[in-house]
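Topology and contacts: notes
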Amino acid sequence: MSNKEYLRRLLVIAVPIMLSNLISQLQMLIDRIFLGRANDLYMSALSNANSPMWTTMSFCFSLAAGASILISQSVGADDREHIEEYAGAMIKYNNIVPIFLFFFWLFLSKPVFQFMGVSENLMPMCLSYVRFYSPVFLLMGLGGSLSVILQTSNYTKPMVVYGAIRAGLNVVLDYILIYGKFGFPELGIKGAAVGTAIAEYVGAIFIAYIFFTSKKLTTRPSLQSVRTAKLSTYLTSAKLGVNTALEDFAWNIGNLCLIRILNTINEFAAGIYSIIFSVEVLAIVIVGAIGSSTMTLSSEATGKKDLSQYKGVCICAYSLCLVVAIFMIILDVTIPQQIVSLFTKDTAVIATCSIYLLISGINLISKSANIIIGNGIRGSGNTKWMLYTQLFGTVGIVCVAAFFVYVCKMGIVGVFLAVLVDEAVRAIVNLGKYLRIVKTWE
């Protein structure tokens, strides 16, 4: 196939995921705008609460990555027996870890926030948010499994409607519950958590309906396959997935350490970091969707031993990501203050955030390379490599950030520069590994 055909296949899978994620991120953006305008400290509380929860949440989603790789490789090899086997085991056993995490966050969140250095002023806000958000964890295992079935079936269009339902309902509920509209009590940050939890459950009902009724889900296992699925089969895929899960966990641990460092600068530093991350994540969800598509198609290429597809998919994917990165840099240079003013009315914060936005935009070039190349490497069946480079990166970024902040006295900008250095170094290392994989195929 030509690069044009690879591009088409990438977009068929990626665009619906992209639109769904963009809708969800737009909802989260509005959520942050509501909270930031209600109380400046809500942004810091949200950053401190969301970061550790997302660390464990991403671990849940990543556990299904191993099944996604094996199912896609089986699709490429036209091996229906293994598709049923891996998909059935994933559906049956993937909710075990999320159930434990639900109880952990419901009852044991305070020690986590104490470790992060959350101030006494912010602690009640963080605990209140987590208490009402934690039921979302009960959906993580099944939700991740259904996403894999849609993606490996090359049928991701329902994700757009799914995202629109969740986001639309969430925005309405956030407005009502954060500010206390239409006779409801003013709940502040607690209202944001309640609104999100309700919206997630309504969205889950829709995606479950699609799973049970759609005739386009070619990798959906039969009820018999789910019922007879063995734990050993799930553990086989989990051995691949756990490396990706641990990789995400390591990245998030590094992020938590950065927030810990930011909390020592001042009470608003984590909030500023959250603002910049909220802007960057709009680009990351696009790049991430392209990355997910890259892993699916590179896994298929591995299954049918098609080197042209393996290389062509990755080249097309990174080209798309470069366009996204350049567009974000242009926005960061031309309208930085207008972007930041969406989240806060503090003129001092607005004035100082321009440089952070620019660094974040430049960082997208290396970050995109790590996402695309990393998914290409995973698609080859090697999920350990990205774990190793992330472990190296986590240690490195914390040390460099600490050096910039505490020794060089660079303040918040030191943290953003540390992120830039980390992504650039890992992009070079990961590219070298990818080229060695290609060479072994030739």
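Refer to the structure printed above.
Below or above, wherever it landed, is the structure these notes cover.

How each quantity is defined
- Residues numbered from 1 in each chain as written.
- Predicted model: local features only at pLDDT ≥ 70, side-chain atom pairs only at ≥ 80, totals over all residues.
- Heavy atoms only, no water.
- Salt bridge = Lys/Arg side-chain N within 4 Å of Asp/Glu carboxyl O.
- Helix = DSSP H or I, 4+ residues; strand = E, 2+ residues; numbered from the N terminus.
- Buried < 20%, exposed > 50% of the residue type's maximum accessible area, 1.4 Å probe, protein only.
- 1 Å grid on protein atoms, 1.4 Å probe; cavity = no way out; pocket = protein on both sides within 12 Å on 5 of 7 lines; lining within 4 Å.
- Points joined across faces, edges and corners; volume = space filled by probe spheres on them.
- Nonpolar A, V, L, I, M, F, W, Y, C, P; charged D, E, K, R; others polar.

This part takes up the pattern of salt bridges. This structure, assessed with the given rule, holds eight salt bridges. The closest approach of N and O atoms between glutamate 84 and arginine 80, which form a salt bridge, is 2.9 Å. Of this pair, glutamate 84 and arginine 80 both sit in helix 4 (residues 80-93), four residues apart, which is roughly one turn of that helix. According to the relative accessible area criterion, glutamate 84 is buried, its value standing at 17%. Notably, a salt bridge pairs arginine 378 with glutamate 247, separated by 2.7 Å at the nearest N-O pair. Of the two residues, arginine 378 sits in helix 17 (residues 354-379) while glutamate 247 sits in helix 12 (residues 231-265), which places them 131 residues apart along the sequence. What makes arginine 378 buried here is its relative accessible area of 7%. Overall, the relative accessible area of 7% leaves glutamate 247 in the buried class. Connected through salt bridges with shared partners, the residues Lys367, Asp422, Glu423 and Arg426 form a single ionic network.

Glancing now at empty space enclosed by the protein. Throughout the structure, instances matching the rule amount to two cavities of 30 Å³ or more. Each pocket or cavity is described by its volume, and for the largest cavity that value is around 240 Å³. Considering the residues around the largest cavity, the lining is formed by 21 residues, among which Trp251, Tyr273, Glu280, Lys367 and Val419 are closest to the centre. Elements with a minimum of two residues in the lining of the largest cavity: helix 12, helix 13 (269-304), helix 17, helix 18 (384-407) and helix 19 (412-441). No other element matches the five residues that helix 12 contributes to the lining of the largest cavity. Here the residues of the lining of the largest cavity sort into 10 nonpolar, seven polar and four charged.

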